[in-house]
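Structural characterization, general
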Amino acid sequence: MREGGLTDHAERNRQAWAKEAASYVANAERSWATEEITWGMLGVPERELGMLGDVAGRDVVELGCGTAYVSAWLARRGARVVGVDLTREQLDTARRLQDQHGLSFPLIEASAEAVPLPDESFDLVVSEYGASIWCDPDLWVAEAARLLRPGGELVFLVNGTLLMLTAPDVDPVVPVGVELLRPYFGMRRFEWVDEIGVDFHLGYGDWIRVLGSHGFEVERLVELRNPGRDSGRYGFFTAEWAERWPAEEMWKARKT
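Residues numbered from 1 in each chain as written. Predicted model: local features only at pLDDT ≥ 70, side-chain atom pairs only at ≥ 80, totals over all residues. Heavy atoms only, no water.

Before going further, it helps to examine unusual backbone geometry. The omega torsion of the bond from Asp 171 to Pro 172 falls at 5 degrees, within 30 degrees of zero and hence cis. Here Pro 172 lies in the loop between α8 (161-166) and β10 (189-191). In this model, Ala 68 sits at a positive phi of 70 degrees, which is unusual for a non-glycine residue. The class for Ala 68 is buried, based on a relative accessible area of 0%. The phi dihedral of Glu 120 falls on the positive side, at around 50 degrees, and the residue is not glycine. Within the fold, Glu 120 resides in the loop between β7 (107-109) and β8 (122-128). The class of Glu 120 is partly exposed, set by a relative accessible area of 43%. (Helix = DSSP H or I, 4+ residues; strand = E, 2+ residues; numbered from the N terminus. Buried < 20%, exposed > 50% of the residue type's maximum accessible area, 1.4 Å probe, protein only.)

With that settled, consider the pattern of salt bridges. A side chain of one charge can pair with a side chain of the opposite charge when the charged atoms of the two come close. All told, the structure shown has 23 salt bridges when counted by the stated rule. In this structure, Lys 255 and Glu 120 form a salt bridge, with 4.0 Å as the shortest nitrogen-oxygen distance. Residue Lys 255 is found in strand β13 (residues 248-255), and its partner Glu 120 is found in the loop between β7 and β8; the two are separated by 135 residues along the sequence. Residues Arg 146 and Glu 143 are paired through a salt bridge, measuring 2.9 Å at the closest nitrogen-oxygen approach. With Arg 146 and Glu 143 both in helix α7 (residues 137-147) and three residues apart, this pair spans about one turn of that helix. (Salt bridge = Lys/Arg side-chain N within 4 Å of Asp/Glu carboxyl O.)

What follows covers the pairing of β13. Burial analysis of β13 places seven of its eight residues in the buried class, which makes it a mostly covered element. As defined by bridge partners, strand β9 (residues 148-159) adjoins β13 across seven bridges and the pair is classed as antiparallel. The residue of β13 that forms the bridge with Val 158 is Glu 249. Pairing between strand β12 (residues 216-224) and β13: eight bridges, direction antiparallel. Looking across to β13, one finds that Arg 220 is bridged to Lys 252. (Pairing = 2+ DSSP bridges.)

Here we take up the confidence of the model for the chain. In this model, the chain carries an average pLDDT of 95, and 97% of its residues clear a pLDDT of 70 or more. Highest mean pLDDT in the chain belongs to strand β5 (residues 59-63) (99); lowest belongs to strand β1 (residues 2-3) (42). (pLDDT = per-residue confidence, 0-100.)

With that settled, the discussion passes to helix α9 (residues 204-213). Regarding α9, the residues found buried are Trp 207, Val 210 and Leu 211. Looking down the long axis of α9, one finds its buried residues gathered within 95 degrees of arc, a one-sided arrangement. On the buried face of α9, the contacting elements are α6 (131-134), α7, β9, β12 and β13. Among the residues trailing α9, Gly 215 stands out with phi positive, at a value near 85 degrees. (Arc of directions from axis to C-beta. Contact = heavy atoms within 4.5 Å.)

Moving on, we come to the nonpolar core. In terms of nonpolar packing, the biggest core is built from 78 residues, with Leu 63, Leu 74 and Trp 140 touching the most fellow members. Those residues within four positions of Leu 74 in sequence are excluded, and the remaining contacts are Ile 37, Leu 52, Val 55, Val 60, Ala 79, Val 81 and Val 126. (Core = buried A, V, L, I, M, F, W, Y, C linked by side-chain atoms within 4.5 Å.)

Here the focus is empty space enclosed by the protein. The gaps left among the atoms become clear once a water-sized probe is rolled over them. For the structure shown, the criterion picks out one cavity of 30 Å³ or more. In this model, the largest cavity occupies a volume close to 50 Å³. Taken together, Val 158, Asn 159, Gly 160, Thr 161, Met 164, Met 187, Phe 200, His 201, Leu 202, Trp 207 and Glu 249 make up the lining of the largest cavity. Among the elements of the structure, β9 and α8 are those that each provide at least two residues to the lining of the largest cavity. (1 Å grid on protein atoms, 1.4 Å probe; cavity = no way out; pocket = protein on both sides within 12 Å on 5 of 7 lines; lining within 4 Å. Points joined across faces, edges and corners; volume = space filled by probe spheres on them.)

Attention shifts here to the environment of Arg 76. Within the secondary structure, Arg 76 is located in helix α4 (residues 69-76). The spacing of Arg 76 and Ala 94 is 18 residues in sequence and 15 Å in space, taken between C-alpha atoms. Setting aside residues up to four positions removed in sequence, Arg 76 forms contacts with Trp 32, Thr 34, Glu 35, His 101 and Leu 103.

This brings us to the packing of aromatic side chains. All told, the structure shown has 12 aromatic pairs when counted by the stated rule. Note on Tyr 69 and Trp 73: the rings are 5.2 Å apart at their centroids and 65 degrees apart in plane angle, and the pair reads as edge-to-face. Highlighted residues: Tyr 69 and Trp 73, both in helix α4, separated by four residues, approximately one helical turn. With a relative accessible area of 14%, Tyr 69 lands in the buried category. On the numbers, 5.5 Å between centres and 75 degrees between planes, the contact of Tyr 184 with Phe 185 is edge-to-face. Put simply, the rings of Trp 140, Phe 156, Trp 207 and Trp 251 touch in pairs and so form one group of aromatic residues. (Phe/Tyr/Trp six-rings, centres within 6.5 Å; stacked < 30°, edge-to-face > 60°.)

This is how it looks when you write it as structure tokens:
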């Protein structure tokens with residue numbers, strides 16, 4: 001079902017993020033002011049992971065860019081970046097920070113499930129908790145494949161599979177425990193108590209299937225660990241939990 005050209009979950013997520021945008025401004029300002037690229041709630045430095053390589057001179061699109069701090073990090077390193085996000089309020093923050101930091105790159109208000117950009121226009125598609133969890137996997141991965149040139153790379157970050165299997169569905173949020181609360185097989189669309197938004201999480205085999213069905217070959221899966229770090233933002237897990245199990249996962253795949 002589509003409402004105004006959007007899938008039902010995309011419209012719900014647009015509404016949810018319009019309400020939440022103001023609460024993410026402070027984090028956006030900190031991230032834009034930071035030079036180092038770090039990933040996810042744990043803030044693992046890119047220099048430790050090496051997921052991106054040299055981005056100078058590459059055409060990059062960030063799908064579900066939010067306040068576009070990842071795009072800003074890449075633009076500072078010489079990439080030709082385009083940010084795509086569904087939520088006007090998030091993009092308004094990104095535009096203000098572009099002016100503040102003297103960076104200029106296109107920001108497009110659109111769903112990552114239907115991106116108004118030409119085929120084979122990019123060398124790299126990136127998503128850090130953007131399209132990677134807020135869009136239907138088959139739809140946004142298909143768009144990533146369409147947007148990439150042959151040999152282009154897809155790098156994305158998602159919540160850890162074990163995190164999602166052990167996350168209680170309660171409000172307010174409490175940290176995950178050690179008990180499996182939902183089935184692994186069939187995990188896909190998640191709707192939470194007292195929340196408008198809809199997010200998507202797949203098991204490992206399903207991610208490989210989705211990526212392969214859209215012409216990608218998986219090159220790396222990095223399960224982020226917590227040594228020497230705190231519990232990250234939002235209170236989803238404790239530092240001790242993330243020391244024992246991966247709270248976050250990064251995938252890298254190449255368009256064949």
